[in-house]
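Breakdown of the fold
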Amino acid sequence: MIELTIADSIARVVLNAPQKMNSLDEAALAELSEAYDKAAAAVETGEVRALVLSGEGRGFCAGRDISGVNPADDDVIGYLDGKVQPLLEKMSSFPAPTFALVQGACLGVGLGLAVATDVVYVAESAKIGSPFANLGATLDSGGHWLFTERLGAHRTLDMIYTAELISGAEAVRSGLFSRAFPAEELAERGEEIIAKVAQGATQAFVASKQLVAEIRDQRVGLWNSMRTENRAQAALCDTADYAEGFKSFQEKRKPVFTGKK
């Protein structure tokens, strides 16, 4: 179900079970975790400098595959604590910039995949939200944190209580995700941006990724955050890309970054 290809410094991870809207069972979660491990290893060798996650067919990911689940003996904690959260933490800490291209349904665990990705580009017609009210369950996979952080408490609870789905266009207007494109342009326009990032100052991007994660997780405040930024900037001074960035600016030419430490 999970496909991984590497080309042009980009790892492309594809959820490829369109017949079930790329919903994920435990086997698929294990495959996805393995794909990220392989891509991370390729970062270490310099072969990968960015990753993009996408889904085949009409939907990005409709969430957990519950087709064979018996609610009476379902080990929810084992699934969420033992399978889902470790995967999302692994995705979130991937050692290079990550992107998701989201079309159609982005629900449940699918929403969690988006939460764990640095930048999310969505089709204007994508459907995002919490349908759990219809299942007698609650939103999981980091959805409460994402919605509350970006939409506020009232809008979050409104969506949860009503099981209302919002479009990709509204998600971007609300600040939930980064950019929305017409569905037929999503892949092409997203890939254009990702290709540029994959040729950028990778170590500087990773430093910023870590800073943003620290700010979001610890709410360190402006001045502590600034001091952390200062230390990160100082550490980057020893990288080849930092020197190249300054030199190219001074020489009024386009920089050629290698992404190496």
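Residues numbered from 1 in each chain as written. Predicted model: local features only at pLDDT ≥ 70, side-chain atom pairs only at ≥ 80, totals over all residues. Heavy atoms only, no water.

Some remarks on the pairing of strand 1 (residues 2-7)
Two elements, strand 1 and strand 2 (residues 10-15), share 6 bridges in a ladder whose sense is antiparallel. Counterpart to Ile-6 in the pairing with strand 2 is Ala-11. The loop that links strand 1 with its antiparallel partner strand 2 comprises 2 residues; one of these, Asp-8, has a positive phi angle of about 55°. (Pairing = 2+ DSSP bridges. Helix = DSSP H or I, 4+ residues; strand = E, 2+ residues; numbered from the N terminus.)

Here we look at the packing of aromatic side chains
Inspection of the entire model under this criterion finds 3 aromatic pairs. Taken together, a centroid distance of 6.0 Å and an interplanar angle of 40° make the contact between Phe-99 and Tyr-121 tilted. Within this pair, whereas Phe-99 is found in strand 4 (residues 98-102), its partner Tyr-121 is found in strand 6 (residues 119-123), the two being separated by 22 residues in sequence. We note that Phe-99, like Tyr-121, is buried. Residues Tyr-121 and Phe-181 carry aromatic rings whose centres are separated by 5.9 Å and whose planes lie at 70° to one another, so their mutual orientation is edge-to-face. One end of the pair, Tyr-121, is in strand 6; the other, Phe-181, is in strand 9 (residues 179-181), and 60 residues separate them in sequence. Considered together, Tyr-121 and Phe-181 belong to a single accessibility category, that of buried residues. Members of the aromatic cluster, each reached through a chain of ring pairs, are Phe-99, Tyr-121 and Phe-181. Over the face of the ring belonging to Tyr-79 we find Arg-64, whose NZ or CZ atom lies 3.8 Å from the ring centre. (Phe/Tyr/Trp six-rings, centres within 6.5 Å; stacked < 30°, edge-to-face > 60°. Buried < 20%, exposed > 50% of the residue type's maximum accessible area, 1.4 Å probe, protein only. Lys NZ or Arg CZ within 6 Å of the ring centre and 35° of its normal.)

Brief notes about unusual backbone geometry
Although it is not a glycine, Asp-8 adopts a positive phi angle of roughly 55°. Locating Asp-8 in the fold gives a position in the loop between strand 1 and strand 2. A positive phi angle, close to 60°, is found at Ala-163, a residue other than glycine. With relative accessibility at 13%, the residue Ala-163 sits in the buried group.

Notes on helix 5 (residues 153-162)
Along helix 5, the positions that sit buried rather than exposed are Thr-156, Met-159 and Ile-160. Around the axis of helix 5, the buried residues are gathered within 95° of arc, so they sit on the same side. Seen from the buried face of helix 5, the exposed residues on the opposite side, beyond 90 degrees, are His-154 and Tyr-161. Those residues of helix 5 that are buried lie in contact with strand 7 (127-129), helix 4 (143-151) and strand 8 (165-167). Phi turns positive one or two residues past the end of helix 5, at Ala-163, with a value near 60°. (Arc of directions from axis to C-beta. Contact = heavy atoms within 4.5 Å.)

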